[in-house]
4 protein chains.
Amino acid sequence: MAHGGNTKAAAVPQRLLAEATRLFADRGFDRTSVQEIVEAAGVTKGALYHYFGSKDDLLHEVYARVLRLQTERLEEIASGTGTVAERLHRAAADVVVTSIENLDDTKIFFRSMHQLSPEKQKAVRAERRRYHERFRALVEEGRRQGTFRAELRPDLVVDFFFGSVHHLGTWYREGGPLSAAQVAEEFADLLLYSVRQP
Amino acid sequence: MAHGGNTKAAAVPQRLLAEATRLFADRGFDRTSVQEIVEAAGVTKGALYHYFGSKDDLLHEVYARVLRLQTERLEEIASGTGTVAERLHRAAADVVVTSIENLDDTKIFFRSMHQLSPEKQKAVRAERRRYHERFRALVEEGRRQGTFRAELRPDLVVDFFFGSVHHLGTWYREGGPLSAAQVAEEFADLLLYSVRQP
Amino acid sequence: MAHGGNTKAAAVPQRLLAEATRLFADRGFDRTSVQEIVEAAGVTKGALYHYFGSKDDLLHEVYARVLRLQTERLEEIASGTGTVAERLHRAAADVVVTSIENLDDTKIFFRSMHQLSPEKQKAVRAERRRYHERFRALVEEGRRQGTFRAELRPDLVVDFFFGSVHHLGTWYREGGPLSAAQVAEEFADLLLYSVRQP
Amino acid sequence: MAHGGNTKAAAVPQRLLAEATRLFADRGFDRTSVQEIVEAAGVTKGALYHYFGSKDDLLHEVYARVLRLQTERLEEIASGTGTVAERLHRAAADVVVTSIENLDDTKIFFRSMHQLSPEKQKAVRAERRRYHERFRALVEEGRRQGTFRAELRPDLVVDFFFGSVHHLGTWYREGGPLSAAQVAEEFADLLLYSVRQP
DNA sequence: TATGAATGAGCCTTCATTCAT
DNA sequence: GATGAATGAAGGCTCATTCAT
């Protein structure tokens with residue numbers, strides 16, 4: 001057998017990524033040392049550098065995973081059935097739920113992006129822009145067909161809404177009074193009311 | 001006059017604070033070295049530590065200044081004249097404008113707060129909470145008198161809106177297509193539409 | 001053989017400890033910089049911190065080594081054969097000889113203990129107390145059986161004698177007129193005369 | 001009146017010296033900052049440097065005061081009346097009492113001497129040697145006249161005894177079970193028994 | 001006499017990364 | 001695949017001392 005015999009060894013990169021995510025969310029990228037990550041994952045530095053080119057790479061992987069996930073979900077919803085209002089509401093609620101379900105990633109996203117190397121930052125931003133673009137298109141669609149207010153600036157609406165989403169990590173606490181679904185419903189409502197032609 | 005002849009020497013702490021603000025906004029707290037700050041301010045490390053107890057103190061000063069300013073303005077607007085809708089709109093637009101006018105502080109605020117020492121973080125959060133509380137009271141007032149939707153959760157509305165405000169630093173660029181006033185107007189409109197009883 | 005070819009590289013922690021001992025004795029703990037230690041040992045700071053947690057740790061290691069050595073020797077002599085006077089004389093002479101043979105450690109011991117962190121200081125003191133206690137028991141034994149003067153305060157005798165021992169580092173010079181054995185004989189005689197029932 | 005009007009200002013150098021002594025004894029010379037001294041004395045750095053040339057000077061003053069005092073007392077006792085045994089006993093007891101009465105100075109003496117600049121260290125050592133010399137002369141006198149043991153090495157006796165005296169600071173605690181007089185009596189007894197022709 | 005702002009050198013420690021094994 | 005010793009650069013901070021006022 002190739003190397004699958006030892007399930008622990010087989011999971012090394014995953015374990016490293018998981019612990020890194022937790023630690024980056026907890027104390028920030030710069031405040032997390034490579035030593036802490038490898039200790040948490042139960043391996044040594046050499047192992048980390050065997051799988052990842054640098055500490056930066058590790059952070060980039062976190063981003064890549066999240067972006068891939070969210071892009072897929074948005075694509076599915078946006079191109080699904082229902083009125084544009086329904087689809088926008090569904091997309092908004094969904095991004096809130098997945099942001100809360102992956103709150104660590106969410107925290108890292110808005111706190112640590114500027115700590116990536118310039119090139120990686122550029123790559124992440126580009127991907128992010130595509131995601132926003134798809135969202136913006138939904139707003140635009142609703143505006144064109146008269147469902148949403150004519151005087152809207154769709155790009156501003158996107159920035160408005162994703163500010164709220166990115167900040168979930170700042171205040172949302174698991175086990176608090178609100179479930180992810182409740183926040184999602186309320187945020188999606190707020191968005192819809194804010195854009196809809198009254 | 002005592003020693004006002006040399007305007008440069010007279011302003012050492014202010015200069016340090018100004019350069020620190022700029023650098024923290026630019027590259028983040030952890031990525032800014034004390035050495036860089038003092039070089040930018042044209043003094044030596046000893047001078048910095050003569051005026052500030054630590055690098056952390058410097059960051060705290062930035063926060064304290066911003067919080068003081070925003071609290072004053074909100075207080076004035078909230079207790080001013082006009083309907084609750086007018087006052088909420090005015091307060092929302094105002095915080096957008098001042099956030100854009102002090103974009104460096106805004107960036108620092110949401111990116112670097114978690115890099116403060118736990119005690120200082122607590123102090124800042126407490127002050128921030130008072131600010132949010134005042135804002136929440138406005139939403140609550142409108143809801144009670146039927147101007148705003150009955151099913152609103154005022155605290156969630158506050159988190160929703162300030163997420164957007166704090167994220168201005170992420171995308172707003174001076175000299176871009178939108179003036180501060182335009183963004184302020186649009187954001188305030190979005191907020192009002194989102195809460196108002198249709 | 002694994003990597004024994006390079007005898008120099010094999011002994012990094014030992015070399016660090018040896019150079020640190022020499023330097024601490026020479027100029028005191030606070031006056032010795034980590035930089036000086038690593039330069040003397042021919043490595044870099046990173047190497048030192050790879051093996052020792054802190055400069056403090058290094059000092060603690062010196063103490064631990066000395067304390068271990070002396071406790072072993074005292075235990076062996078005290079529980080050996082001979083009258084109590086013979087055993088006390090032998091123990092006294094032995095501690096003088098080993099103190100002179102490790103004069104650097106002796107100097108460090110009485111000069112730098114108070115520069116250890118409080119917890120480490122406590123640990124060293126506790127160990128030291130056990131050592132003194134064993135010595136005190138010898139004096140007590142002689143007093144009870146009438147060999148030593150009845151009005152003695154054994155604990156004061158111990159403090160009296162070890163003051164003299166610890167101060168060897170202040171005046172004894174290798175290559176001077178007195179051998180370690182001569183000083184040991186004379187000190188042990190002085191002690192015995194001072195306690196013996198005339 | 002010259003400057004005696006303000007009693008507080010008049011005592012500045014004395015207050016500085018007193019606080020410095022206390023602090024040096026407490027935490028050692030190197031661990032005490034000039035800032036701490038001036039704060040304890042309620043003045044500013046400029047004042048300290050007005051009266052003392054350097055931090056080193058301050059330490060030197062402490063030594064000078066102690067040495068002067070002890071030399072005077074020994075001179076008086078040694079050249080007084082009584083047998084040589086009586087005078088040695090009296091001198092030994094006296095140095096113990098004054099060492100305990102000025103325990104801070106005693107601690108500083110044995111811990112911090114090597115932190116003086118080389119020249120000042122030399123000066124202090126020379127003065128100290130004169131003191132020891134006077135004491136040694138007493139032992140020598142007793143040995144010559146047959147009161148003390150013929151095989152004694154008087155210089156070694158002096159080092160033996162003053163080791164004990166210098167170490168008082170390590171273990172003696174005010175308010176403990178032993179008065180200064182009790183320790184003095186016991187130490188002087190031990191010394192006398194150790195040297196006397198049985 | 002006395003202030004206190006400012007210097008400049010130095011200190012201990014941390015850390016991402018490399019490399020021989 | 002993986003180890004862990006070692007590097008080298010940088011980081012935040014302290015401190016005795018000076019000097020214009």
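Because the structure is a prediction, the values reported are computed rather than measured.

This part takes up the pattern of salt bridges. In total, this model carries 60 salt bridges over all chains according to the counting rule given. In this structure, the salt-bridge partner of Arg143 of chain A is Glu140 of chain A, at a minimum N-O distance of 3.5 Å. With a gap of 3 residues between them, Arg143 of chain A and Glu140 of chain A both fall in helix H8 (residues 118-144), about one helical turn apart. Residue Glu140 of chain A is classed as buried on the basis of its relative accessible area, which comes to 15%. When the shortest N-O distance is used, the salt bridge between Glu127 of chain D and Arg130 of chain D registers 2.6 Å.

As a further point, take the interface of chain D and chain C. Chain D puts 33 residues into the contact, and the matching count from chain C is 33 residues. Summed over both sides, the interface of chain D with chain C buries roughly 3400 Å², with 62% coming from carbon and sulfur. The interface formed by chain D and chain C includes 2 salt bridges. Across the pair Asp30 of chain D and Arg31 of chain C runs a salt bridge whose closest N-O atoms are separated by 2.4 Å. Mapped by element, the contributors of at least two residues to the side of chain D that touches chain C are helix H7 (103-112), helix H9 (154-166) and helix H11 (180-195) of chain D.

Below, the discussion takes up the arrangement of the chains. For chain B and chain C, which are not in contact, the least C-alpha distance works out to 21 Å. The two units chain A and chain D are non-contacting; their minimal C-alpha-C-alpha distance is 30 Å.

Okay, the relation of the copies chain B and chain A next. Here chain B sits on chain A after a turn of 180° about the axis and a move of 0.1 Å along it, with an RMSD of 0.1 Å. The operation mapping one copy onto its partner corresponds to a two-fold rotation axis. Considering only C-alpha atoms, the part of chain B nearest the rotation axis is Ser194 of chain B, at 2.0 Å. When the interface residues of chain B are mapped onto chain A, 94% of them again lie at the interface, so the same face is used by both copies.

Residues and elements named next belong to chain A. Of all residues in chain A, 95% attain a pLDDT of 70 or more, and the chain-wide mean is 91. Ranking the helices and strands of chain A by mean pLDDT puts helix H11 (residues 180-195) first, with 98, and helix H1 (residues 7-10) last, with 47. Taken together, the stretch residues 1-10 has pLDDT below 50 and engages in 3 contacts with residues farther than four places along the chain or on a different chain.

A separate point is the UniProt feature "DNA-binding region" (unreviewed entry) in chain A. Here the UniProt feature "DNA-binding region" (unreviewed entry) sits at residues 33-52 of chain A. The distance separating the terminal C-alpha atoms of residues 33-52 of chain A is 15 Å; by composition the span is 75% helix and 0% strand.

Take the protein's contact with DNA strand E next. Around DNA strand E, the surrounding shell holds 31 residues, and the nearest of these are His50 and Tyr51 of chain B, Tyr49 of chain C together with Thr44 and Tyr51 of chain D. Sugar plus phosphate, as a fraction of atoms of DNA strand E within 4 Å of the protein: 67%. One of the side-chain nitrogen or oxygen atoms of Tyr51 of chain D is found 2.4 Å away from a phosphate oxygen of DNA strand E. Counting only elements with at least two residues in the surface near DNA strand E, the list comes to helix H4 (45-51) of chain A, helix H4 (45-51) of chain B, helix H4 (45-51) of chain C together with helix H4 (45-51) of chain D. A total of 5 residues in the surface near DNA strand E trace back to one element, the largest contributor, which is H4 of chain B.

Turning our eyes to something else, we now look at the packing of helix H11 (residues 180-195) of chain C against H11 of chain D. Packing of H11 of chain C against H11 of chain D brings their axes to within 7 Å, and their N-to-C directions diverge by 110°. Between H11 of chain C and H11 of chain D, the interaxial angle falls into the category roughly perpendicular. As for the relative orientation of H11 of chain C and H11 of chain D, their crossing is right-handed in sense. Together, Leu190, Tyr193 and Ser194 of chain C of H11 of chain C and Leu190, Tyr193 and Ser194 of chain D of H11 of chain D make up the contact between the two elements. Here the residues of the contact of H11 of chain C with H11 of chain D sort into 4 nonpolar, 2 polar and no charged.

Attention now moves to the protein's contact with DNA strand F. Looking at DNA strand F, there are 30 residues lining it, with Thr44 and Tyr51 of chain A, Tyr49 of chain B together with His50 and Tyr51 of chain C nearest. Within the backbone of Val34 of chain D, a nitrogen or oxygen atom sits 2.7 Å from a phosphate oxygen of DNA strand F. A distance of 2.6 Å is found between a phosphate oxygen of DNA strand F and a side-chain nitrogen or oxygen belonging to Tyr49 of chain D. Elements with a minimum of two residues in the surface near DNA strand F: H4 of chain A, H4 of chain B, H4 of chain C together with H4 of chain D.

Analysis parameters
- Residues numbered from 1 in each chain as written.
- Chains lettered and ligands numbered in written order.
- Predicted model: local features only at pLDDT ≥ 70, side-chain atom pairs only at ≥ 80, totals over all residues.
- Heavy atoms only, no water.
- Salt bridge = Lys/Arg side-chain N within 4 Å of Asp/Glu carboxyl O.
- Helix = DSSP H or I, 4+ residues; strand = E, 2+ residues; numbered from the N terminus.
- Buried < 20%, exposed > 50% of the residue type's maximum accessible area, 1.4 Å probe, protein only.
- Contact = heavy atoms within 4.5 Å.
- Buried area = accessible area lost by both parts, 1.4 Å probe.
- Least-squares fit on C-alpha atoms with pLDDT ≥ 70 in both.
- pLDDT = per-residue confidence, 0-100.
- UniProt positions renumbered as here; feature names shortened; annotations may be inferred.
- Near = heavy atom within 4 Å.
- Polar contact = N/O pair within 3.5 Å; in protein donor to acceptor, adjacent residues only side chain to side chain.
- Axes fitted to C-alpha atoms, helices over the stretch in contact; angles between N-to-C directions.
- Parallel < 35°, antiparallel > 145°, perpendicular 65-115°, else oblique.
- Left-handed = near helix turned anticlockwise from the far one by under 90°.
- Nonpolar A, V, L, I, M, F, W, Y, C, P; charged D, E, K, R; others polar.

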